[in-house]
Amino acid sequence: MTAETDARIARLLHHRKAGLSLGEPVVPPISVATTFHLPQAQGAAHYYGRSGQPTWDAVEAQLAILEAAEVVSFPSGMAAITAALVCCLKAGAKVMVPSDGYYVTRLLGRDLLQVYGVEVVQIPTLEMETADFTGFQVIYIETPSNPGLDTVDIAALATMAHAAGALLIADNTTMTPLLQRPLDLGADLVVAADTKAPAGHSDALFGHVAGRDANLMARIREWRRQSGSVPGPFEAYLVHRGLETLEVRLTRMCASAAVIAERLAVHPKVRGVRYPGLAGDASHRAVGAQMTNGGFLIGFELAGEAEAEGFLARCPLIEQATSFGGVHTAAERRARWGDAVADGFIRLSIGVEPVETLWAAIDAALAG
Ligand SMILES: *Cc1c(COP(=O)(O)O)cnc(C)c1O
């Protein structure tokens with residue numbers, strides 16, 4: 001992590017301090033109020049729970065420190081993605097989305113955006129750098145993509161998008177603002193599922209949009225108020241708590257992932273290992289250039305469906321679950337959701353278990 005990132009993490013941990021009076025709680029209260037004392041209509045910090053409330057403020061303050069940008073929180077990653085796309089598009093507009101990214105984003109394109117008159121063009125992540133952006137209003141990227149872990153050069157795409165008069169929106173879920181900073185590289189908006197590593201304990205759905213254009217962020221905020229796409233205060237609190245340990249967890253998860261990816265890459269039963277941190281990986285050029293490290297997600301293939309399912313069932317330290325970024329190592333065979341991957345392809349999300357214990361369990365499960 002850079003000194004700048006270190007400073008952000010420290011500020012995040014103490015962000016409430018300056019605003020506290022004597023005897024006030026150090027952690028933010030879970031504020032469940034929908035109404036606020038309003039003897040007059042103007043001048044209050046909050047007036048109705050759908051428009052804003054104190055527990056959102058606390059988590060948005062943390063995320064704003066990490067993103068160095070304005071942040072609007074949402075009840076899930078998809079709610080954040082919907083907000084960003086709806087606010088940047090209108091009937092007749094064109095948006096480019098990755099054909100190999102998070103599949104629900106593609107469904108949103110098909111079932112919502114297209115129905116409302118937006119043209120949705122799908123293209124593989126790896127073809128975006130050579131695509132023609134003429135006529136597009138939004139270029140939407142996911143890098144590394146989920147689940148294939150392909151990457152695009154964010155700065156190059158921002159330049160290309162802006163030259164074509166388009167906005168660049170980056171889904172930064174697989175990296176978090178600690179490992180990759182799309183806004184610094186020219187992206188107009190970041191969207192993210194804080195359900196994953198930021199919350200980190202597989203117990204809260206949450207998302208956010210971050211950006212540095214005040215007008216655009218005001219539209220996003222107003223979309224939240226009008227659509228009623230609002231996070232719950234308890235989830236906001238859980239994400240606030242999760243974010244306090246994000247850097248500690250990521251440090252362990254990414255270091256372990258690097259070790260396990262190296263070992264999987266030379267295992268005789270494993271092929272097609274994808275981990276951006278591996279020197280030979282197709283996404284390796286992004287590490288150092290725009291990613292702090294290779295992250296905590298690994299893709300690999302076993303011989304087929306039966307071998308992959310057998311491996312997952314045998315390994316006591318792998319939670320068979322969808323989603324990633326939690327403290328428990330988790331994995332699944334992505335073809336079961338219809339992702340365009342081999343039948344034996346597994347996406348492995350490394351958790352915080354001690355690495356040698358974790359590897360011993362994976363190695364034994366691979367042996368069968
Ligand atoms: C999980 C995920 C989402 C959606 O997040 P939810 O909180 O489940 O709505 C969006 N993008 C990516 C890359 C994801 O992995």
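Conventions we followed
- Residues numbered from 1 in each chain as written.
- Predicted model: local features only at pLDDT ≥ 70, side-chain atom pairs only at ≥ 80, totals over all residues.
- Heavy atoms only, no water.
- Helix = DSSP H or I, 4+ residues; strand = E, 2+ residues; numbered from the N terminus.
- Rg over C-alpha atoms; globule rule 2.2 N^0.38 Å.
- Buried < 20%, exposed > 50% of the residue type's maximum accessible area, 1.4 Å probe, protein only.
- Areas by Shrake-Rupley, 256 points an atom, 1.4 Å probe, with all protein chains shown as cover.
- Lys, Arg positive; Asp, Glu negative; His and termini not counted.
- Charge placed at Lys NZ, Arg CZ, Asp CG, Glu CD.
- Near = heavy atom within 4 Å.
- Polar contact = N/O pair within 3.5 Å; in protein donor to acceptor, adjacent residues only side chain to side chain.
- 1 Å grid on protein atoms, 1.4 Å probe; cavity = no way out; pocket = protein on both sides within 12 Å on 5 of 7 lines; lining within 4 Å.
- Sits in = over half its atoms within 2 Å of the grid points.
- Nonpolar A, V, L, I, M, F, W, Y, C, P; charged D, E, K, R; others polar.
- Points joined across faces, edges and corners; volume = space filled by probe spheres on them.
- Pairing = 2+ DSSP bridges.
- Right-handed = clockwise from strand over helix to strand, strands pointing away.
- Contact = heavy atoms within 4.5 Å.
- Patch = residues over 30% accessible without salt bridge, like charges linked within 9 Å, V, L, I, M, F, W, Y side chains within 5 Å.
- Salt bridge = Lys/Arg side-chain N within 4 Å of Asp/Glu carboxyl O.
- Arc of directions from axis to C-beta.

**Q** How should I be thinking about the overall build of the protein in this particular structure?
**A** Looking only at helices and strands, one finds 11 helices and 12 strands in the protein. Its C-alpha atoms give the protein a radius of gyration of 21 Å, within 12% of the compact-globule value 21 Å for 368 residues. Reported as C-alpha extents along the three principal axes, the dimensions of the protein are approximately 70 × 55 × 35 Å. Considering the protein as a whole, with its 368 residues, one finds that 52% of them fall into the buried category. Counting every atom, the protein has about 15,400 Å² of accessible surface; 56% of that belongs to carbon and sulfur. The distance from the centre of the 29 positive side-chain charges to the centre of the 39 negative ones in the protein is 3 Å.

**Q** Looking at this structure, how should I read the site of the ligand?
**A** Neighbouring residues of the ligand: 15 residues in total, closest Gly 77, Met 78, Asp 171, Thr 195 and Lys 196. In the model, an oxygen atom of the ligand is placed 2.7 Å from a nitrogen or oxygen of the Gly 77 main chain. When the ligand is considered free in solution it has 380 Å² of accessible area, and contact with the protein chains removes 93% of it. In this structure, the ligand is accommodated by the largest pocket. The greatest single-element share of the shell around the ligand, amounting to three residues, is contributed by helix 3 (residues 77-88). Counted by class, the shell around the ligand contains seven nonpolar, five polar and three charged residues.

**Q** Just to check I follow, could you spell out the layout of surface pockets for this structure?
**A** Gaps left between atoms show up when a probe the size of a water molecule is rolled over them. Estimates place the volume of the largest pocket at around 360 Å³. As for the largest pocket, its lining consists of 21 residues, and the residues nearest its centre are Tyr 102, Asn 146, Ala 193, Lys 196 and Ser 323. Here the lining of the largest pocket gets three residues from one element, more than from any other, and that element is helix 3. Taken together, the residues of the lining of the largest pocket sort by class into eight nonpolar, eight polar and five charged. Computed from the structure, the second largest pocket encloses a volume of approximately 270 Å³.

**Q** How do you make sense of unusual backbone geometry when you look at a structure like this?
**A** Note: most peptide bonds trans; most residues except glycine with negative phi. With an omega of -5°, the peptide bond running from Thr 143 to Pro 144 counts as cis. Within the element layout of this structure, Pro 144 appears in the loop between strand 4 (138-142) and helix 5 (154-163). Residues Asn 146 and Pro 147 are joined by a peptide bond in cis, for which omega reads 10°. In this structure, Pro 147 sits in the loop between strand 4 and helix 5. Backbone geometry at Ser 202 places phi at a positive 55°, although glycine is not the residue there. Residue placement: Ser 202 occurs in the loop between strand 6 (189-193) and strand 7 (207-211). Of note, the phi angle at Ser 323 is positive, near 80°, even though the residue is not glycine. For Ser 323, the position within the fold is in the loop between strand 10 (319-320) and strand 11 (330-333).

**Q** Can you help me understand the pairing of strand 4 in this one?
**A** A regular strand carries its side chains on alternate faces of the sheet. Counting buried positions over the five residues of strand 4 gives five, a clear majority of the element. Residues Val 138, Tyr 140 and Glu 142 point to one face of strand 4 and Ile 139 and Ile 141 to the other, with burial holding for every one of them. In this sheet, strand 4 lies alongside strand 2 (residues 94-98) in parallel orientation, the contact comprising two bridges. When the sheet's bridge partners are listed, Val 95 is paired in strand 4 with Val 138. When strand 4 meets strand 5 (residues 167-171), the two strands line up parallel, connected through five bridges. Bridging across to strand 5, Val 138 finds its partner in Leu 167. In this fold, strand 4 hands off to helix 5, which returns the chain to strand 5; that crossover is right-handed.

**Q** Can you help me understand the side chain of Arg 347 in this one?
**A** Looking at the element boundaries, Arg 347 is found in strand 12 (residues 345-349). Overall, Arg 347 belongs to the buried group, its relative accessible area being 4%. Side chain to side chain, Arg 347 and Asn 146 meet in a polar contact 2.6 Å long. If we skip the residues at most four places from it in the chain, Arg 347 touches Asn 146, Pro 147, Leu 297, Ile 298, Thr 322, Ser 323, Phe 324, Ala 330, Ala 331, Glu 332 and Arg 334.

**Q** How should I be thinking about the environment of Gln 122 in this particular structure?
**A** Within the fold, Gln 122 resides in strand 3 (residues 119-123). Spatially, the C-alpha atoms of Gln 122 and Gly 101 are 9.7 Å apart, while their sequence positions differ by 21 residues. Apart from the residues within four sequence positions on either side, Gln 122 is in contact with Val 97, Ser 99 and Arg 106.

**Q** Before we go on, may I ask you to explain a nonpolar patch on the surface in this structure?
**A** Taken together, the side chains of Ile 30, Val 32 and Phe 234 make up a nonpolar region of the molecular surface, amounting to roughly 290 Å² of accessible area. In this structure Val 32 comes out as exposed when scored by relative accessible area, which is 65%.

**Q** Honestly, helix 1 (residues 3-13) in this entry has me stumped. Any pointers?
**A** Along helix 1, the residues classified as buried are Thr 5, Arg 8, Ile 9 and Leu 12. Down the axis of helix 1, the buried set is contained in an arc of 100°. They therefore lie on one face. Set apart from the buried face of helix 1 by more than 90 degrees, the exposed residues are Ala 3 and Arg 11. Residues of helix 1 that are buried make contact with helix 2 (54-67), helix 6 (176-179), helix 8 (233-244) and helix 9 (246-265).

What is shown is where atoms sit, not what they do.
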